[in-house]
Amino acid sequence: MMSLDEEQLYQEHILDHYEDPYHRGHCQHCTHAHEDDNPLCGDVVRMELDLLDNGQIKEVYFDGDGCCISQAAASMLVEKFDGRSVEEVKRFTANEMLELFGVRLTANRQKCCLLPWRVLQAAIYSPRTEQDDDQGSARAGKDS
Amino acid sequence: MSVTAATSILNPEAFRPDFPILDTVLHGNVPLVYLDNGATSQRPRQVIQAIVDTYERHYANVHRGIHWLADQSTDLYEGAREKVCAFINAPAKEQVIFTHGATEAINLVARSWGDANMHAGDEILLTEMEHHSNIVPWQQLAARSGAVLRYIPLTDDGRLELGSLDGLLHERTKIVALTAISNVLGTINPVEEIIRRAHQAGAVVLIDGAQSVPHQPTDVAAMDCDFLAFSGHKMLGPSGVGVLYGKRELLDAMPPFMGGGSMIRRVRLDGFEPGDLPAKFEAGTPPIVPAIGLGAAIDYLNAVGMPAIQRYECLLTERAHEVLDRVGGVRILGPQPRYKSGIVSFTLERIHAHDIAQLVDRHGIAVRAGHHCAMPLHKRYGVNATARASFYFYNTLAEIDKLGEALQQVKGLFHRL
């Protein structure tokens, strides 16, 4: 019944990231953080980073709530950039994000996949302020 | 015709051949199962033909020419107004205003009636189950006027908390705006009772009929609402046309909403005099062909019979609840079928609504996923998004069973670990 496309979209690799995500949670020492949503579907992703002065990403974690695509994409992205540099994040384009995800997505679902990419791009420019000191997010993962 | 026939259940197979789109086969080999009627319905060929005929044989601008074609199109356009008038049992056709949709109809009231009547400290009473189109125009009005918004809360099973009305309705309440049927929960609201109590408090009442007018008989005289707004495209008509019904004394007293051609009696360089109803609220070239298409849709609905549609959709809703309950792990938002119209919004365990919609699409099934333009309602029930199946009289019990089977498979996929 299921077409090839669909088997790909919900293939093991993606479901694995969704069910058993890489670094879902919070940085113990968070220097930068950003959170955003897709207003049309309500998907939420938050990214937390521990950035070193030399531009290295010591740690990156995500949290969020949303569809399989948005959450699996966040997990893949975090896995790719954990331990890498801010410069590499800056150079990482939207198209490369879609390639990383690996399955061809319709325009609507591309928005789901690009949400974590967009949040990470903003997070590297978003130093954590004192107000953020309540660990974690008001919305991510527990929006209700 | 015998009594049995008159009360017998509608047979969708008698109507499905009229809807060309329902023959669609997608993804190679699966027939379309269209369960997104709450977003928009499909059209029978009679409506499509009325649109084609108008463009091919009767089309000119309305109310402007004295040539033959202008008479033709004006007659058809005004004929559509008469059909709407009879369909909702309005006292006079001048009280039926064509807009570009239900949203514009509500905005018209919020802008025209609202700006003339709302003052700082006055109150607007809505419900927590409103569509954004019946929230945002009132928030804008509150911001312009200094009026205060209040909301009738909801019970856990998705009905209005009527016990709260005594506290919420008082002399400062100037308008109550509520939906007759929730576009998410399917709840049929007791609008007559609310209208009666609002009137006792001195408030006027606007009913959002976008989900009710297509699915049950409507009688504005019996309901005694002050305004009724609804769309054409959810009731077999084209998109781009909606209706505002209003009580005459209110409409007469209201200033025009938009300025332009048609809505004036005369224009001088230093001012204008507005025209009479309904022209006063139909500035510019109106949605001529969509309105004529809506007229054809009403002819079709009358032939099917609104009471029969309502009864049949109850059956579909009952079946949907049974089928979804059997899937296991489904949470339906909203009340038991006896309080509902043909709308079933649900979550399935922790599988996101978009994943549900995408996966059932592969079975040809069209359902909506998201917040359905009702974010406050979703917040009330602690969910970000739901999947929504919404029915019309051309849907079959077998289609609902297919939804159940597809959901079983979705569950299976996510339970593979």
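Everything numeric here is computed off the predicted structure, so don't read it as measured data.

1. Remarks on the overall build of chain B
(1) Moving on: Within chain B one finds 14 helices and 17 strands.
(2) Moving on: Projected onto its principal axes, the C-alpha positions of chain B cover 75 × 55 × 45 Å.
(3) Moving on: For chain B, the residues scored as buried account for 59% of the 417 residues in total.
(4) Moving on: Put simply, of all contacts in chain B between residues at least 6 apart along the chain, 71% involve residues at least 24 apart.
(5) Moving on: On chain B, roughly 16,100 Å² of surface is accessible, and the fraction owed to carbon and sulfur atoms is 53%.
(6) Moving on: Here chain B carries 38 positive and 45 negative side-chain charges, and the mean point of each set is 4 Å from the other.

2. With respect to the layout of surface pockets
(1) Moving on: In this structure, the largest pocket spans a volume of roughly 600 Å³.
(2) Moving on: The wall of the largest pocket is formed by 20 residues, among which Cys 41, Asn 108 and Arg 109 of chain A together with His 354 and Ala 369 of chain B lie closest to the centre.
(3) Moving on: For the lining of the largest pocket, the elements supplying multiple residues, two or more each, are helix H6 (107–123) of chain A together with helix H12 (353–361) and strand E16 (368–370) of chain B.
(4) Moving on: Here the second largest pocket defines a volume of roughly 370 Å³.
(5) Moving on: Lining the second largest pocket we find 22 residues, and of these Asp 65 and Gly 66 of chain A together with Arg 350, Ile 351 and His 352 of chain B sit closest to its centre.
(6) Moving on: Contributions of two or more residues to the lining of the second largest pocket are made by helix H2 (12–19) and strand E3 (57–65) of chain A together with strand E14 (343–348) and H12 of chain B.
(7) Moving on: Tallying contributions element by element places E14 of chain B first for the lining of the second largest pocket, with three residues.
(8) Moving on: Residues of the lining of the second largest pocket, tallied by class, amount to nine nonpolar, seven polar and six charged.

3. Topic: the sheet that holds strand E13 (residues 330–333) of chain B
The pairing of strands in a sheet comes from backbone hydrogen bonds and takes either a parallel or an antiparallel form.
Residues and elements named next belong to chain B.
(1) Moving on: Pairing is antiparallel across the open sheet formed by four strands, whose spatial order is E13-E14-E17-E16. The open sheet terminates on both sides in strands that have one partner only, identified here as E13 and E16. Strand after strand, the sheet turns through a mean of 30 degrees between neighbouring axes, direction not considered.
(2) Moving on: Against the sheet, helix H11 (residues 306–327) engages E13 and E14, with an angle of about 5 degrees to E14.

4. As for the nonpolar core
(1) Moving on: Counting 146 residues, the largest nonpolar core has Met 47 and Phe 101 of chain A together with Ile 207, Phe 393 and Phe 414 of chain B as the members making the most contacts within it.
(2) Moving on: Per-element tally for this core: the top contributor is helix H10 (residues 288–304) of chain B, with 11 residues.
(3) Moving on: With 26 residues, the next largest nonpolar core counts Ile 124, Ala 147, Val 204 and Leu 277 of chain B among its residues.

5. Section: the confidence of the model for chain A
Residue and element names in this part refer to chain A.
(1) Moving on: Residue-level pLDDT values for chain A average 86, and 84% of them are 70 or greater.
(2) Moving on: Here helix H1 (residues 4–9) stands out as the least confident element of chain A, with mean pLDDT 59; helix H4 (residues 86–91) is the most confident, with 97.
(3) Moving on: Note that residues 135–144 has pLDDT below 50 and, in this model, 28 contacts with residues that lie over four places away or in other chains.

6. Observations concerning empty space enclosed by the protein
Take a probe with the size of a water molecule and roll it over the atoms, and the empty space left behind shows itself.
(1) Moving on: By the definition in use, this model includes one cavity of 30 Å³ or more.
(2) Moving on: When its volume is computed, the largest cavity comes out at roughly 60 Å³.
(3) Moving on: By residue class, the composition of the lining of the largest cavity is six nonpolar, two polar and two charged.

7. A closer look at the packing of aromatic side chains
(1) Moving on: Per the stated rule, a full pass over the model turns up 14 aromatic pairs over all chains.
(2) Moving on: Ring centres of Tyr 10 of chain A and Phe 414 of chain B lie 6.2 Å apart, and the angle between their planes is 65 degrees; on these two criteria the pair is classed as edge-to-face. With one member in each of two chains, Tyr 10 of chain A in the loop between H1 and H2 and Phe 414 of chain B in helix H14 (residues 397–414) form a pair that bridges those chains. Take Tyr 10 of chain A and Phe 414 of chain B: they sit in the same class, and that class is buried.
(3) Moving on: Between Phe 19 of chain B and Tyr 394 of chain B the ring centres are 4.7 Å apart and the planes differ by 55 degrees, which places this aromatic pair in the tilted class. Remark: Tyr 394 of chain B occurs in the loop between strand E17 (386–390) and H14 and Phe 19 of chain B occurs in the loop between helix H1 (3–7) and strand E1 (25–26); sequence separation between them is 375 residues.

8. Structural notes on the pairing of strand E11 (residues 264–268) of chain B
Residue and element names in this part refer to chain B.
(1) Moving on: Relative to strand E12 (residues 271–274), E11 runs antiparallel, the two being bridged by four bridges. Bridge assignment links Ile 264 to a residue of E12, and that residue is Pro 274.
(2) Moving on: Linking two consecutive strands that pair antiparallel, namely E11 and E12, is a turn of two residues.

9. Concerning the pattern of salt bridges
All names here are of chain B.
(1) Moving on: Across all of its chains, the model carries 35 salt bridges over all chains by this definition.
(2) Moving on: With a shortest N-O distance of 3.1 Å, Arg 268 and Asp 270 are connected by a salt bridge.
(3) Moving on: Between Arg 319 and Asp 401 there is a salt bridge, and its shortest N-O distance comes to 2.8 Å. In this pair, Arg 319 is assigned in helix H11 and Asp 401 in helix H14, connecting sequence segments 82 residues apart.
(4) Moving on: Overall, the relative accessible area of 24% leaves Arg 319 in the partly exposed class.

Cut-offs and rules
Residue numbers restart at each chain and count upward from 1, following the sequence in its written direction. All chains are assigned letters beginning at A, and all ligands numbers beginning at 1, according to the order in which they are written. Owing to the predicted nature of the model, reporting of local features is limited to residues with pLDDT of at least 70; listing and counting of side-chain atom pairs is limited to 80 or more, with chain, interface and lining totals taken over all residues. In computing side-chain values, all of the structure's heavy atoms are included and hydrogens and water are not. Secondary structure elements are defined from DSSP: runs of H or I of at least 4 residues count as helices, runs of E of at least 2 residues count as strands, and each element is numbered from the N terminus. Exposure is judged per residue with a 1.4 Å probe applied to protein chains only, and the accessible area is read against the type maximum: over 50% gives exposed, under 20% gives buried, and values in between give partly exposed. Every residue pair with non-hydrogen atoms within 4.5 Å of one another is taken to be in contact. With residues, only the protein chains shown are counted as cover, and all accessible areas are computed by Shrake-Rupley using a 1.4 Å probe. By the counting scheme adopted, Arg and Lys are positive, Glu and Asp are negative, and His together with the chain ends is not counted. Here the site of a charge means atom NZ of a Lys, CZ of an Arg, CG of an Asp or CD of a Glu. Here a cavity denotes grid points, spaced 1 Å and computed from the protein atoms alone, that fit a 1.4 Å probe unable to get out, and a pocket denotes an open set having protein on both sides within 12 Å along at least 5 of 7 lines; residues with an atom within 4 Å of a point are the lining. Grid points are joined across faces, edges and corners, and a volume is the space filled by probe spheres set on the points. When residue character is reported, Ala, Val, Leu, Ile, Met, Phe, Trp, Tyr, Cys and Pro are called nonpolar, Asp, Glu, Lys and Arg charged, and the others, Gly included, polar. For two strands to pair, DSSP has to find at least two bridges joining them. To get an axis, fit a line to the C-alpha atoms, keeping to the stretch in contact for a helix; angles then go from 0 to 180 degrees between the N-to-C directions. By nonpolar core is meant a set of buried Ala, Val, Leu, Ile, Met, Phe, Trp, Tyr and Cys residues that side-chain atoms within 4.5 Å join together. The quantity called pLDDT is the predictor's confidence in a given residue, expressed from 0 to 100. Stacked, edge-to-face and tilted labels apply to pairs of Phe, Tyr and Trp rings (six-membered ring for Trp) whose centres lie within 6.5 Å, assigned for plane angles under 30 degrees, over 60, and everything in between, in that order. Any Lys or Arg side-chain nitrogen located within 4 Å of an Asp or Glu carboxyl oxygen qualifies as a salt bridge.

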